[in-house]
Structures are given as C-alpha cells and as structure tokens.
Amino acid sequence: MMYIASITLASVALAFYLPVTLVMFFNLWKWGGRYMLYMAIGSACYCVGLAFRYPLHSQPDSIGIYIGMDMFIVLSPCAFIATVYILLGRLAGELRMGQYLFIGPTKLAKYFVVSDLSTFLIQGNGAGLLPSRSATLRNIFLVGLAMQLISFIIFTCIFVIWGYRVRKHSPGGWVRDRVAGKPWYKDWRALAAAMLLSCAGILVRSLFRVMENGEGFEGRLTTTESYFYCLDCLPLFLAIVGYLAFWPSNFISNNPPLGTQDGENHSTHELTARGHPFRSNDHVTPGGRVEQRDPDLEVYSPLRDNQTPL
C-alpha cells in the first residue's frame, strides 16, 4: 500500500458492517432464505478484510497481511453479486412474471452465477500476487474486474427492463400487493427497490475497482485511502443494508411455484388477495378496481367498485 491504513476509518467501517452481518445471520435463522447465506458470508469476509487493516497499520510493509486484506476485501463482493443474481430469478418466479425476462428465471440465475464464479477465479489468481507489482498479474486482475463489471451492467439492464415490462404489460401483477391491502413495506416492489439500490452500489464499486487498477500502482485512486471508503466500502454497505428491512424470504418462498422456472407465461393464473383470478392484460384503476379486458371469459370476473380490498 502507498499509504498507512487508518485505524479510525477501519473502526468506523467495522462499526457499520459488523452489526449488519450479525443481523443477516439472525434473519437467516429467524426468517430463512438460504440464498441469503451467500451475502451474509460475503459480509463476514468483508469484515475480516477490514480487520486486517489494524495490523497493516502497524506493519505497512507486511506482504502477507496485505494479501490477506486484499483477498477478503476484493473477492467478498462476489458473494453479494451472486445473491442479487439469484434474487431476480426467484422474484420473477414467485410473481409468475418470468416471461418478461429475456431468458427463464432459473437459466438467468445459472448463467450469471457461473459468470460471477469465473470472474471470481480470475480475480483470485491475480489479487494474491498483486504486491509483486507484476504488470501481467495486474492485467489478469483487471480483466476479471472488467468482466465482472460488464456482466453486472448487462444484468442490471435486464432487471430494469423486466420491471418496466411487468409495470406495462401486467398492471395487476405490478400492484398485486397494494390491491391485497398490504403495507408498502410488505409490497414486493419494496424488495425490488432494495435490489435496485444493491445494483447501484455494486456498479459504483465495480467501476471504481476497474478505474483504480487501470491507473496502476501509483495512481491517485490507489494511493488515496478516502477513495476506498467512499467508492468501495460505502457503496457495498448500501448494497446490502436494504435487505435487513426487506428480507427476501418475506417476499419469496424457498420453493418458487412450479412451472415458472423457464419463463412461461403464467399470468392468467395470477390471483388477487380475495381469490379472484387475474390476467396480465386486465386493467387496475387507481382505486384498486380490476377491469376485465375480455368479457367473453366469465372465469375472470371483475372486482366491483363496491368491493373494498382486504
């Protein structure tokens, strides 16, 4: 490192990350959601990386301590990214909205998790040997970071387009929790907002890491500690803290409905909270009334104005 690690900044960061990590494991125990275990473990590893900055402060020339810190801090966000990949597929499957993704929910998660694992291995091969100042190893590491960034940009675009398509083509699915009378914090869109914040934080961090390593060993981003906390530590914290309030298993079952994994159109089987079948082409008025678009199909009966949502 080109600077002496600050114990004060490391302590502040740990004061934020450690409670979040502990709450994540508590939520896993209380609410379930095994897919969130990856994020919890990743957060714990990030805490370990921050803790390495304490001995690094007193031994700034220690290669072993630096490698340990760098490996935990740089590689642990791969677990955050993998969790977000899994969440989108599960949320689309839970809502029976997989048809609005470019590929089926299960395939989406598999493809991007494999991509994340590949970039993890590439970064791991280069990160541990960066202190050698080898240009070749740094380029390998940079390639892994760039691939991770590109992959996540593509994923974020898919996520945003999916949300737009659901809102446009399935208004009933878009407001189903509001029509059901659920408070805003139990609406699936609250979880989607947390995921969007997560994507934004991960994108900022990934872009920072690419730019940092692109500058070289003596670049300003590499030699200024404040950039690490502002553009790596803080964005990643925002990327994970939102899930404490909107724990995914409260919105997504551990076993999404069968038949939704490959993105088939199951919108005709959507149900409102009162048991009325709902289709994606039905219209929901601002007052929560469902207007039927095809009166010839009697099974899809509209919800009358005099029926108050539960």
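Residues numbered from 1 in each chain as written. Predicted model: local features only at pLDDT ≥ 70, side-chain atom pairs only at ≥ 80, totals over all residues. Heavy atoms only, no water.

Draft legend 1. Region of interest: the overall build of the chain. The helix and strand inventory of the chain stands at 12 helices and 4 strands. Residue burial in the chain is summarised as follows: out of 310 residues, 50% are buried. Taking as baseline every contact in the chain between residues at least 6 positions apart, the subset at least 24 positions apart corresponds to 73%. Element-wise, carbon and sulfur atoms account for 65% of the exposed surface of the chain, whose accessible area totals about 14,500 Å². (Helix = DSSP H or I, 4+ residues; strand = E, 2+ residues; numbered from the N terminus. Buried < 20%, exposed > 50% of the residue type's maximum accessible area, 1.4 Å probe, protein only. Contact = heavy atoms within 4.5 Å. Areas by Shrake-Rupley, 256 points an atom, 1.4 Å probe, with all protein chains shown as cover.)

Draft legend 2. Representation of the packing of helix α5 (residues 77–95) against helix α7 (residues 135–169). Orientation of α5 relative to α7, taken along the N-to-C sense of each, is 25°, at an axis distance of 12 Å. One way to sum up the angle between α5 and α7 is to call them roughly parallel. Considering the relative orientation of α5 and α7, their crossing is left-handed. Counted together, C78, I81, V84, Y85, L88, L91, A92 and L95 of α5 and Q148, S151, F152, F155, F159 and W162 of α7 form the full contact between these two elements. (Axes fitted to C-alpha atoms, helices over the stretch in contact; angles between N-to-C directions. Parallel < 35°, antiparallel > 145°, perpendicular 65-115°, else oblique. Left-handed = near helix turned anticlockwise from the far one by under 90°.)

Draft legend 3. Structural detail: the packing of aromatic side chains. Throughout the structure, instances matching the rule amount to 16 aromatic pairs. A centroid spacing of 5.7 Å and a plane angle of 35° characterise the contact between F152 and F155, whose relative ring orientation is tilted. With a gap of 3 residues between them, F152 and F155 both fall in helix α7, about one helical turn apart. Of the two residues examined, F152 and F155, each falls in the buried class. Where F228 meets Y229, the ring centres are 4.8 Å apart and the plane angle is 70°; that geometry is what we call edge-to-face. As far as burial versus exposure is concerned, F228 and Y229 are alike and both buried. In this structure an aromatic cluster arises from ring pairing among F16, Y17, Y46 and F237. Just above the ring of F102 sits the side chain of R165; from NZ or CZ to the centre is 4.6 Å. (Phe/Tyr/Trp six-rings, centres within 6.5 Å; stacked < 30°, edge-to-face > 60°. Lys NZ or Arg CZ within 6 Å of the ring centre and 35° of its normal.)

Draft legend 4. Molecular detail of a nonpolar patch on the surface. A cluster of nonpolar side chains, contributed by F25, L37 and I41, occupies part of the molecular surface with about 230 Å² of accessible area. Residue position: L37 is located in helix α2 (residues 37–51). For L37, a relative accessible area of 37% puts it in the partly exposed group. (Patch = residues over 30% accessible without salt bridge, like charges linked within 9 Å, V, L, I, M, F, W, Y side chains within 5 Å. Salt bridge = Lys/Arg side-chain N within 4 Å of Asp/Glu carboxyl O.)

Draft legend 5. Structural detail: the confidence of the model for the chain. Scored by pLDDT, the chain comes out at a mean of 82, with 78% of its residues at no less than 70. A low-confidence stretch, residues 256–281 (pLDDT under 50), is modelled with 79 contacts involving residues beyond four sequence positions or located in other chains. The model gives residues 292–310 a pLDDT under 50, and that stretch makes 35 contacts with residues more than four places away or in other chains. (pLDDT = per-residue confidence, 0-100.)

Draft legend 6. Region of the structure containing the pattern of salt bridges. For the coordinates displayed, the defined rule picks out 7 salt bridges. The partner of E225 in a salt bridge is R53, and the shortest N-O contact between them spans 3.1 Å. One end of the pair, E225, is in helix α12 (residues 225–245); the other, R53, is in helix α3 (residues 53–58), and 172 residues separate them in sequence. We note that E225, like R53, is buried. D177 is the partner of R176 in a salt bridge, and the nearest nitrogen-oxygen pair spans 3.5 Å. Each of R205, R209, E212 and D232 takes part in a single network of salt bridges with overlapping partners.

Draft legend 7. Looking closely at the environment of L244. Within the element layout of this structure, L244 appears in helix α12. Through-space distance from the C-alpha of L244 to that of A194 is 9.6 Å; in sequence the pair is 50 residues apart.

Draft legend 8. Main features of the packing of α5 against α12. Close contact between α5 and α12 brings their axes to 11 Å; oriented N to C, the two are set at 45°. The pairing of α5 with α12 is recorded here as oblique in orientation. In the crossing of α5 with α12, the sense of the turn from one axis to the other is left-handed. For the pair α5 and α12, the contacting residues are P77, F80, V84 and L87 in the first and L236, I240 and Y243 in the second.

Draft legend 9. Focus on helix α1 (residues 7–31). Its 25 residues place the ends of α1 35 Å apart at the C-alpha level, agreeing with the 36 Å of an ideal helix rising 1.5 Å per residue. The principal kink in α1, of about 25°, is found at L14. Here α1 has its buried residues at A10, A13, L14, Y17, V20, T21, M24, N27 and L28. Tucked inside the fold, the buried residues of α1 contact α2, α3 and α12. Between a side-chain oxygen at the N-terminus of α1 and the backbone nitrogen of T8 the separation is 3.4 Å; the capping residue is S6. (Expected span 1.5 Å × (residues − 1). Bend = angle between axes of the 7 residues up to and from the residue. Polar contact = N/O pair within 3.5 Å; in protein donor to acceptor, adjacent residues only side chain to side chain.)

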